[in-house]
Amino acid sequence: MEVGQVLCTKGGIGDSSYAKNSLVQKKVKYLTKPIMEEAITNLYCNNFPATLRIADLGCSSGPNTFFAVLEIVTAVGKLCKKMGRRLPEIQVFLNDLPGNDFNTIFKSLPLFQKDLQKTMGTSADSCFVTGVPGSFYGRRFPSKSLHFVHSSYGLQWLSQVPQGLEGNEQNIYMASSSPPSVLKAYYEQFQSDFSMHVSPV
């Protein structure tokens, strides 16, 4: 069975759901906000698209999904105001594995639109949200169709279990007791996976 068909976070909004247990991930988004804002500024210094297309790879479900999107849209709005430009239409693609709880995400869309209205003072009608199920290790978008790609905790997941894990029977991950061949196997799998993201299409 493929990894992408097995892995998913606990859906819904119950006490044991990802939505209720993802505070660490939200803190990371706060910490990386200056980096995201710098990337948005660099994008708009070189390109000012009429429709800004954003993808969130590994969006998961719960409040963090739209928190990231709201932060990105807010950064765009501030920059547009500073540059004396009108806010472009924004198309957001939320990507995660098919087992992700996309239903919970889209049930919370009206709340996101209300937050967007309150934060931006603009109509949420110019922000379009689409779900894109499937592994981000496969092709999900046409060539040159995205302007900004966000991934907070998604890239830590490998596309498959690395080959060559013999000798690591006492661990289900890399550990200080793992032989060098296991560390090398994980490293090579990560290198292979990550090159899929940075190579031009």
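Details of the structure are given in the entry above.
Residues numbered from 1 in each chain as written. Predicted model: local features only at pLDDT ≥ 70, side-chain atom pairs only at ≥ 80, totals over all residues. Heavy atoms only, no water.

Participant: Any chance you could break down the nonpolar core for me, citing the residues and the numbers?
Facilitator: Ile-40, Leu-94 and Phe-112 are the most contacted members of the largest nonpolar core, which has 27 residues in total. Mapped by element, the contributors of at least two residues to this core are helix H3 (33–46), strand S1 (51–57), helix H4 (63–83), strand S2 (89–96), helix H5 (102–107), helix H6 (109–120) and strand S3 (127–133). Counting seven residues, the second largest nonpolar core, distinct from the first, contains Ala-55, Phe-93, Phe-136 and Phe-141. (Core = buried A, V, L, I, M, F, W, Y, C linked by side-chain atoms within 4.5 Å. Buried < 20%, exposed > 50% of the residue type's maximum accessible area, 1.4 Å probe, protein only. Helix = DSSP H or I, 4+ residues; strand = E, 2+ residues; numbered from the N terminus.)

Participant: Describe in detail the side chain of Glu-71, supporting the description with residues and values.
Facilitator: For Glu-71, the location among the structural elements is in helix H4. Classification of Glu-71 by relative accessible area gives buried; the value is 17%. Apart from the residues lying within four places of it in its own chain, the contact partners of Glu-71 are Lys-33 and Met-36. (Contact = heavy atoms within 4.5 Å.)

Participant: Could you give me a rundown of unusual backbone geometry, with the residues and numbers involved?
Facilitator: Of note in this structure, Lys-144 is not a glycine but carries a positive phi near 55 degrees. Turning to its location among the elements, Lys-144 is positioned in the loop between S3 and strand S4 (148–150).

Participant: Hey, could you go over the side chain of His-150 for me, with residue numbers and the actual values?
Facilitator: Residue placement: His-150 occurs in strand S4. For His-150, a relative accessible area of 14% gives the class buried.

Participant: Outline the packing of aromatic side chains, listing residues and values.
Facilitator: Applying the stated rule across the entire model yields five aromatic pairs. Centre to centre, the rings of Phe-190 and Phe-194 are 5.5 Å apart; their planes meet at 15 degrees, and the pair counts as stacked. Of this pair, Phe-190 and Phe-194 are both found in helix H7 (residues 180–198), four residues apart, which corresponds to roughly one turn of the helix. On the accessibility criterion, Phe-190 (32% relative accessible area) is partly exposed. Looking at Arg-85, its charged tip hangs above the ring of Phe-48, at a distance of 4.1 Å from the centre. (Phe/Tyr/Trp six-rings, centres within 6.5 Å; stacked < 30°, edge-to-face > 60°. Lys NZ or Arg CZ within 6 Å of the ring centre and 35° of its normal.)

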